[in-house]
Amino acid sequence: MSATQTPVQAFHRRVHDAIHDARIRANFRSAMDGLMSKRRTAFADWDLERLRELGAAIRQRALTRLPDLLEELERNCQANGIRVHWAETDEEACHIILDICRAHDARQVIKGKSMVSEEMELNHFLQQHGIQALESDLGEYIVQLAGETPSHIIMPAIHKNTGEISELMHEKTGTEPSRDVDYLTAAARSQLRERFMQADVGISGVNFAVAETGTLCLVENEGNGRLTTTVPPVHIAVTGIEKVVERLEDVAPLLSLLTRSATGQHITTYFNMISGPRRDGELDGPQEVHLVLVDSGRSGIYQDDELLETLRCIRCGACMNHCPVYTRVGGHAYGTTYPGPIGKILMPHLLGLEATSELPSASTLCGACGDVCPVKIPIPRLLVRLRREAVEGDGQHPGMVAGHGVKRRRWEVAIWRLWSWLHARPGLYRAGIAAATRFRWLQPRRLGAWTRYRTAPRLAPRSLHALMKARASGGNPR
Amino acid sequence: MSGSRERILARLRGRRTPPPPPPASDMRPFAAHEWTQEERVERFRSAIESVHGEVHRVAHDGWITCLLERLQARGITNLLAPADTALGRELRHAWPADGPELLRYDRPIEDWKPELFHQVQAGLTAARGGIAETGSLILWPGPGEPRLASLVPPVHIAVLDADQLHTTLLEAMRAQHWARGMPTNALLISGPSKTADIEQTLAYGVHGPRELIVLVRE
Ligand code: SF4
């Protein structure tokens, strides 16, 4: 990607490359097909609509009381011995974590999966300050070995097939080239075990933070999350401020919706609930637990009733699994931390519309994402809202998102003004239509991006009005 | 730090009106099922087996024999087991002299990390309860049963009393009054460690135990 490209050009370049990469398309196609059918099976015996309504209600209830719940969470965490930090920006969150690491002379950090830390580009930041951060989730480990970023929020290495992973591990870690997944997994296990033992600090994300009890919940299958939060002497959990839920009971339905929507599992292997560091008499667990609450744009989304629904997200990834666009271009084409439908409605808030103006448009608005979302986020409606924001909204809906109006074009505005002016003047309108149909052969054959993959629509010789009129007066409609 | 806290909270509270309230949460679908104990045990068993775990239904006085058989079948020569819990005492009392060596988790992890990671072949823990619907064990590690005993050894064996099997997570939380006070670490364990990160192919024992064996006492 050359440095002179605008974000828009770079986006189109990535999409073009991805669509023409048969390997990427095949890898995503087969993975997404599998995930869709597993999800269907997992909900087969349930009244899914009712569950989704419950999921949405629980998350919305938490958001309704967000500031109070954050304070309650902080109070209860502190009472449990967890130290709570607040960060307005990614940068601030990185510095908080760096300071904790430095206070412990940490050289090596082991990480469980955390999308917020991806958002913060934490690994890169720590590296620059002389601290090695190693990913321990197998998918993240592979992606880190490759020097890439995750292409899916649940399955970070889904864009690679076994052969590619084998080659990568062979090259970077000296394993034998092999298509035996058990062998590759065992090799990664033994490489990472040593690192778990040596790590000075463990960093994880959080799936749900329970205000009522001051509990941090982590959902995982591998056990790396448990190791990360148990073996090193210090555990730092980092999360967006929206992840708080009110009561411990709220976690039961959300957990079920999350795992079934994500991978079609009734539950994951581990559900890890952390409510404090090692207490007197306990023989393991970290001596210190820190919670870093990251805002980074979220309190901005919070101001608007419609946009706020974005914050209900529980990061299950179902919207990407079911997205016809994501399935074809894969996660990297989006160029953002969160790809797919959730990325399209979240990233404009986190980065501003200047950098993400194409995202809300890169959708067919087919509605699949909204239909599967376990917390009923109306993604298609939010996409339309963001499209409007990108061209500045109107009197009723002034732009709210940073960078609103970035796609506004003078000539486009002028054309639409002319259009509405014409429509308010019947005589002129009729004359205009008559002229347009008569001179329709003058119509351009190419209409920018529209005709890149489609033929241009042709104006009919007679307008609908004219046809209906002719019909009403009993004449031949032709 | 405090500046950020105040600014974030002020922004959240700065909304003109509070966000629209949701309808009441109808938790009924998750509350509980009317399953007999037999149904619970069988559902639990089939859920665990569907994720590559093993379940053995044993009599209260038969679990140690069953445990010994499972260990011998695998050629396991040592077992990390609790010492000062009811389960640990019962086990140690009845353990045959020629059985696998019983290890104790009696030092802080810092003092024996390499040994725990490299030498222990299996870990035994009690379960505080179970969840039939999802095939989950409830563990509350503590001084007698540290967190890593169920995670680091390649085989994890858990002992569960059948009358502690709840139908759903929500029912278990309510019956055991979790919200009144959570331990430093509470766990649901629903199978051996696994991953599908390499091309959606399942592989077991990626970071945690490769095998999970549950002895259900009834
Ligand atoms: S938007 Fe909905 S479907 Fe997409 S990741 Fe979030 S919760 Fe899942």
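Residues numbered from 1 in each chain as written. Chains lettered and ligands numbered in written order. Predicted model: local features only at pLDDT ≥ 70, side-chain atom pairs only at ≥ 80, totals over all residues. Heavy atoms only, no water.

Our next topic: the overall build of chain A. Along chain A, the regular secondary structure elements total 23 helices and ten strands. When the backbone C-alpha atoms are referred to their principal axes, chain A occupies close to 95 × 55 × 50 Å. Burial status across chain A gives 58% buried among its 478 residues. Long-range contacts, defined here as pairs at least 24 residues apart, represent 71% of the contacts in chain A between residues at least 6 apart. Total accessible area on chain A stands at roughly 20200 Å², and carbon and sulfur atoms take up 53% of it. Of note, chain A has its 59 positive side-chain charges centred 15 Å away from the centre of its 55 negative side-chain charges. (Helix = DSSP H or I, 4+ residues; strand = E, 2+ residues; numbered from the N terminus. Buried < 20%, exposed > 50% of the residue type's maximum accessible area, 1.4 Å probe, protein only. Contact = heavy atoms within 4.5 Å. Areas by Shrake-Rupley, 256 points an atom, 1.4 Å probe, with all protein chains shown as cover. Lys, Arg positive; Asp, Glu negative; His and termini not counted. Charge placed at Lys NZ, Arg CZ, Asp CG, Glu CD.)

Residue position: S166(A) is located in helix α9 (residues 162-173). Between the C-alpha atom of S166(A) and that of V181(A), which follows or precedes it by 15 residues, the distance is 8.8 Å.

Attention now goes to the interface of chain B and chain A. If you look at the interface, chain B gives 76 residues, while chain A gives 98 residues. Where chain B abuts chain A, roughly 7800 Å² becomes buried across the two surfaces, and 59% of that area is made up of carbon and sulfur atoms. The largest share of the area that chain B buries against chain A comes from D197(B), I198(B) and H207(B), three residues that together contribute 11% of it. Run the count over chain B and chain A and you get twelve salt bridges. Joining chain B to chain A, the criterion identifies 45 residue pairs in polar contact (both at pLDDT 80 or more). For the side of chain B that touches chain A, the elements supplying multiple residues, two or more each, are α1 (2-13), α5 (113-118), α6 (169-175), β9 (185-189), β10 (194-195) and β11 (203-204) of chain B. Here the side of chain B that touches chain A gets eight residues from one element, more than from any other, and that element is α1(B). Classifying every residue of the side of chain B that touches chain A gives 40 nonpolar, 19 polar and 17 charged. For strand β9 (residues 270-274) of chain A and β9(B), the ladder comprises five bridges, and the chain directions are antiparallel. Bridge pairing links I274(A) to N185(B) in β9(B). (Buried area = accessible area lost by both parts, 1.4 Å probe. Salt bridge = Lys/Arg side-chain N within 4 Å of Asp/Glu carboxyl O. Polar contact = N/O pair within 3.5 Å; in protein donor to acceptor, adjacent residues only side chain to side chain. Nonpolar A, V, L, I, M, F, W, Y, C, P; charged D, E, K, R; others polar. Pairing = 2+ DSSP bridges.)

Attention now goes to the nonpolar core. Core analysis: the biggest nonpolar cluster contains 130 residues, and F208(A) and L188(B) have the highest contact counts within it. Inspection of this core shows a minimum of three residues originating in each of domain 1 (1-42 + 318-407) and domain 2 (49-300) of chain A. Sequence-distant contacts of F208(A), defined by excluding residues within four places in its chain, comprise T215(A), L216(A), C217(A), V219(A), K243(A), V245(A), V251(A), L254(A), L255(A), L258(A), F271(A) and I314(A). Counting 54 residues, the second-largest nonpolar core is a separate cluster that includes L134(A), Y141(A), A187(A) and Y105(B). (Core = buried A, V, L, I, M, F, W, Y, C linked by side-chain atoms within 4.5 Å. Domains from an automatic or database assignment.)

So, on to the sheet that holds strand β8 (residues 244-245) of chain A. Whether parallel or antiparallel, the strands of a sheet pair through hydrogen bonds between backbone atoms. Ordered in space as β8(A)-β5(A)-β6(A)-β9(A)-β9(B)-β6(B)-β5(B)-β8(B), the eight strands form an open sheet in which the pairing is mixed. The two strands at the open ends of the sheet, each matched to only one other strand, are β8 of chain A together with β8 (165-166) of chain B.

Glancing now at the domain arrangement of chain A. Residue and element names in this part refer to chain A. Each domain of chain A was delimited in the assignment, giving domain 1 (1-42 + 318-407), domain 2 (49-300) and domain 3 (410-472). Look at where the C-alpha atoms of domain 1 and domain 2 centre, and you get two points 24 Å apart. With 26 residues of domain 1 at the contact, the number on the domain 2 side is 31 residues. Both sides of the domain 1 and domain 2 interface together cover about 2400 Å² of buried area, and 59% of this is carbon and sulfur.

The subject of this paragraph is helix α10 (residues 181-198) of chain A. All names here are of chain A. End to end, α10 covers 26 Å across 18 residues, agreeing with the expected 26 Å (1.5 Å per residue, within 8%). Those residues of α10 not exposed but buried are V181, L184, T185, A187, A188, R189, L192, R193, F196 and M197. Between the side-chain oxygen of the N-cap and the backbone nitrogen of D182 there are 2.9 Å, and the N-cap of α10 in question is D180. (Expected span 1.5 Å × (residues − 1).)

Now for the sheet that holds strand β2 (residues 108-111) of chain A. All names here are of chain A. The six strands are arranged β1-β10-β7-β4-β2-β3 in an open sheet whose pairing can be described as parallel. The sheet terminates laterally at β1 (82-87) and β3 (132-135), the two strands that pair on one side only. Put simply, the sheet's adjacent strands are angled 25° from each other on average, direction ignored. Contacting β1 and β10 (288-294), helix α4 (residues 66-80) runs over the sheet at an angle of about 145° to β1. (Axes fitted to C-alpha atoms, helices over the stretch in contact; angles between N-to-C directions.)

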